[in-house]
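Below, each chain spelled out in residue letters.
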Amino acid sequence: MADDDENVLKNEKSKENGKMNDSVPELDDTEPPKVIITAPPTLSIKITSNKLQKPSDELDVKDSDDCQIILPKTEIIDITDDICDKDETLDETSEIDKVVVNNDIKDTQTIMILKEEPKEPETEVISEDEMPVDNMPVDTEAVSEDELPPATLADQTEIVSDEELPSENGTSKIKRCQIPEEKENDSESQPAKKVKTDEVKPITELDKFWQAVKDDPSDFAGWTYLLQFVDQENNAENAREAYDKFLELYPYCYGYWRKFADFEKRNNNKDECEAVFQRGLNAIPLSVDLWIHYMTYLKTQHADDVDLIRSKFEKGLEMCGLEYRSDRLWDHYIKWEIEQNKLINAFNIYSRLLATQTLGYLQHFENFKEFVNKNAPDKILNAKEYLELRQQVAERIRLSGNGELLTDDSAPPGEEENTFLSDVSEKELALLKETIIEFKEKINKETAREIAKRQAFEEGIKRPYFHVKPLEKCQIENWKNYIALEKEAGDHQRIVVLYERCLIPCALYEDFWLSYLDYLESLDFDVSDLLTSFYLRACLVHHRKSPELHLKWSAFEESKGNLDKAAEILKNLDDAVPHMLQIIYRRINLEKRRDQFDKVCELYEHYINTSHTKFLTSNIAIKYARFLWKCANKIDKAIELITEIVNKDKDNMQDNARLLLQLIELKMSVKPLNEKSVIQIFDEILSMSSVNLEQKILFSQRKLEFIEDYTCDYTALRKATNEFKSYTELLAKEKKKALAAVEEEKSRIEKEMKAKQAQDIAASSNSQTATTNYQPYNTTGYYPQQYATGYNQTAYQQYAPTGQDYSYQYQNWSYPQATNYNQTWGSYNYSGTGSGGSGGY
């Protein structure tokens, strides 16, 4: 009884807390709630808790953490997560018995899940997403709470008005009880939540596609997905932005120029459509497909403007008529002229086509013969050509088999020269057509011979279009060999066209751009237009970070007098490829040639301050110091510059010895010469701990030479001589120590090898093998040759023999001397044996 009273009190207490709380308490994470759904048509109410102890004897339930009530009727029962009014709750749940689970249920929220399966079509259950019940699964999988996203009460309960719910006639109606005390709070909190939602901009599908290409602009597949999306979305602003950005990176993708133009045409943007065509044809003028698409557009939109269409056809043939696969453009042009009844124009186009090396040259000649046989000669030739042809045919008719003239009674005497003006007989007509065909056949045969020379190379071109994927090595070699063949032929126009064809599939290969540039620069006539177009495409589109191409472009603009343009090119290259000495020096030297000395100093100081390596800093500083000394006549400022850099890096002067040499040279170049100042610099260098012993020998030798050549101080000279000898003797001692260490290591290896050989001999003698396999000794020592060879190739041979005199020359330090000091630094050979210098001191 005590247990029952305690349970009743706890149950009542939980109800009171439910009325006071604003939200449902969180479940214990130790065990997720379970959901059990019974099969229709019964109605099941599941009461589940995380910490249910064994049910009491009052409930006839097996040992389980679940408590389930099966109702015999499938009536509509309103259940809410919120606390409803007491009267309404009692009315709605009058048929449901109270179930009290005894034993302790600690701070755990009891969840009631209602699942109703309709027996008949008139009962409809609508979820929060308004999904039809027929599409919902019959069974529900038990999911742990960790697998579900955290949800609040507001997320779980959807507020629906009575008007939005289905009517009671044949449909189920769900009432959601509201808490009277919470209405005011809800109304006050809703506007704030709505404002917060408006501030967050939702991420659209378009944003996702854009983000992919912004993260990686070289993601070609990402661009194609973006363009496909904007094309289907049919938003002009979004489509133009996407196409412009893509075609800026990949202008050789002619198919997307065509799609862009079709998009504008589909949206009735006539001007924009034609502008897209013009941009595309300027970007890839060799695209036969794009030209055909453009001409088809013109023939439909400007059908009455014959002159415009003809001029564009001629422009197309000028740009890509020599392309090997340009047959279709030629055919379109001829067909259009025939439709305009301009047979003479069609004949002239055929004449040009038959002399052009194209893929379908055989079919073109067959079409030409059909064209000639179908039309009268006077309709396809102009007056002058027709009269000349009839004159030739008349001469042929008058000649007999033996070469004699045949009489012609069709004309009066004295008028034989005008016989070609009379009516044409069938025989003469046949001869006229035959003569035309024979003449063109000779031209076509010559074309066929030239095509035969190039047929293998044309067949080797498997990918004539642009793609970001790399080409096969065989195709790259095919292009190189094909270009070499055209260069041997010497036809400039065909060489240019072949290079332009090659640069479409090979646009990402810098070698082909440089090869094309070398050819254009080798010509003895002006090709400025070609070079300008070349540099714009190479440097601004396909190779934006190529130092060689940009440097050549800058030099080209400078040669044309465009100094500002040349400086801009170098600046952009410096931003794209920073900390490159060649670019830095080119920028500075360009400003020197422009006499912009202030700009030169500004650039030098900028690069010294922003340098990321000591090597770069020292090189630029030395250049700057020479400029100040030689060009600006500011040697004091040059000395100050080098001194400041040396003082900042005194602890690491071993790698920056050139700075010290430059400082000495500057000090020696001051006029008048200050000997004490120069000697002081030498002493400071020799006192630096970061200068190694070999470098100190060089600087001490250089100090000795300076004192002997420029001073008369015997004491200083004697001191410098002793200083130099002390350094050489110290180096000799270090060498002896190193040799002793080498000998010791050699002896240790020999002992180890002898011990190992003795062990091997002992082991082999004790074995049961009949034949004893002794390892032979090496004649040059008592260890195998591989040890001796490997040893001698290391530190042992890098030192001279012990008895050799030490002589340190300055021959490897090739550094320009001052203008007033021409004596070489290696002329003195001081020995460490005690002999004096050349002066005998």
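- As annotated in an unreviewed UniProt entry, the chain carries the name Suppressor of forked domain-containing protein and is attributed to Aphis glycines.
- Among the UniProt annotations of the chain, the heading Subcellular location (unreviewed entry) holds the following wording: "Nucleus".

Let's talk about unusual backbone geometry
Across residues other than glycine, the phi torsion is negative in most instances, and most of the peptide bonds are trans.
Next, step 1: Looking along the chain, the bond that leaves Lys671 and enters Pro672 is cis, with omega of -5 degrees.
Next, step 2: Backbone geometry places Asn268, a non-glycine residue, at a positive phi of 60 degrees.
Next, step 3: The residue Asn268 is located in the loop between helix H8 (254-266) and helix H9 (270-283) in this model.
Next, step 4: Judged by relative accessible area, which is 69%, Asn268 ranks as exposed.

As for the environment of Ala239
Next, step 1: Within the element layout of this structure, Ala239 appears in helix H7 (residues 236-249).
Next, step 2: Residue classification places Ala239 among the buried positions, given a relative accessible area of 0%.
Next, step 3: A sequence separation of 21 residues divides Ala239 from Phe260, and the C-alpha atoms of the two residues are 8.2 Å apart.
Next, step 4: The residues contacting Ala239, other than those within four sequence positions of it, are Val230 and Phe263.

Re the pattern of salt bridges
Next, step 1: Throughout the structure, instances matching the rule amount to 31 salt bridges.
Next, step 2: In this structure, the salt-bridge partner of Glu264 is Arg240, at a minimum N-O distance of 2.8 Å. Taken together, the positions of Glu264 in helix H8 and Arg240 in helix H7 put the pair 24 residues apart, joining distant regions of the chain.
Next, step 3: A salt bridge links Lys703 to Glu723; the nearest nitrogen and oxygen atoms lie 3.3 Å apart. Here Lys703 is found in helix H30 (residues 693-710), whereas its partner Glu723 is found in helix H31 (residues 714-766), with 20 residues between them in sequence.
Next, step 4: The exposure class of Lys703 is buried, given its relative accessible area of 6%.

Description of the packing of helix H28 (residues 657-669) against helix H29 (residues 675-686)
When two helices pack together, their arrangement is given by the angle between the helix axes and the distance between those axes.
Next, step 1: For the pair H28 and H29, the least separation of the axes is 9 Å and the interaxial angle reads 165 degrees. Classified by the interaxial angle, the pair formed by H28 and H29 is roughly antiparallel. For the element pair H28 and H29, the recorded crossing hand is right-handed. Across the interface between the two elements, Leu660, Leu663, Ile664, Lys667 and Met668 of H28 pack against Ser677, Val678, Ile681, Phe682 and Ile685 of H29.
Next, step 2: A per-class count over the contact of H28 with H29 returns eight nonpolar, one polar and one charged.

Topic: the packing of aromatic side chains
What describes a pair of aromatic rings is the distance from one ring centre to the other and the angle between the planes of the rings.
Next, step 1: All chains considered together, the criterion is met by 31 aromatic pairs.
Next, step 2: Taken together, a centroid distance of 5.8 Å and an interplanar angle of 40 degrees make the contact between Phe347 and Phe368 tilted. Pair noted here: Phe347 is in helix H13 (residues 343-354) and Phe368 is in helix H14 (residues 361-374), with a separation of 21 residues, a long-range link.
Next, step 3: Following the ring pairs from residue to residue traces out a cluster consisting of Tyr499, Trp513, Tyr516, Tyr519, Phe534, Tyr535, Trp553 and Phe556.

So, how was this worked out
- Residues numbered from 1 in each chain as written.
- Predicted model: local features only at pLDDT ≥ 70, side-chain atom pairs only at ≥ 80, totals over all residues.
- Heavy atoms only, no water.
- UniProt positions renumbered as here; feature names shortened; annotations may be inferred.
- Helix = DSSP H or I, 4+ residues; strand = E, 2+ residues; numbered from the N terminus.
- Buried < 20%, exposed > 50% of the residue type's maximum accessible area, 1.4 Å probe, protein only.
- Contact = heavy atoms within 4.5 Å.
- Salt bridge = Lys/Arg side-chain N within 4 Å of Asp/Glu carboxyl O.
- Axes fitted to C-alpha atoms, helices over the stretch in contact; angles between N-to-C directions.
- Parallel < 35°, antiparallel > 145°, perpendicular 65-115°, else oblique.
- Left-handed = near helix turned anticlockwise from the far one by under 90°.
- Nonpolar A, V, L, I, M, F, W, Y, C, P; charged D, E, K, R; others polar.
- Phe/Tyr/Trp six-rings, centres within 6.5 Å; stacked < 30°, edge-to-face > 60°.

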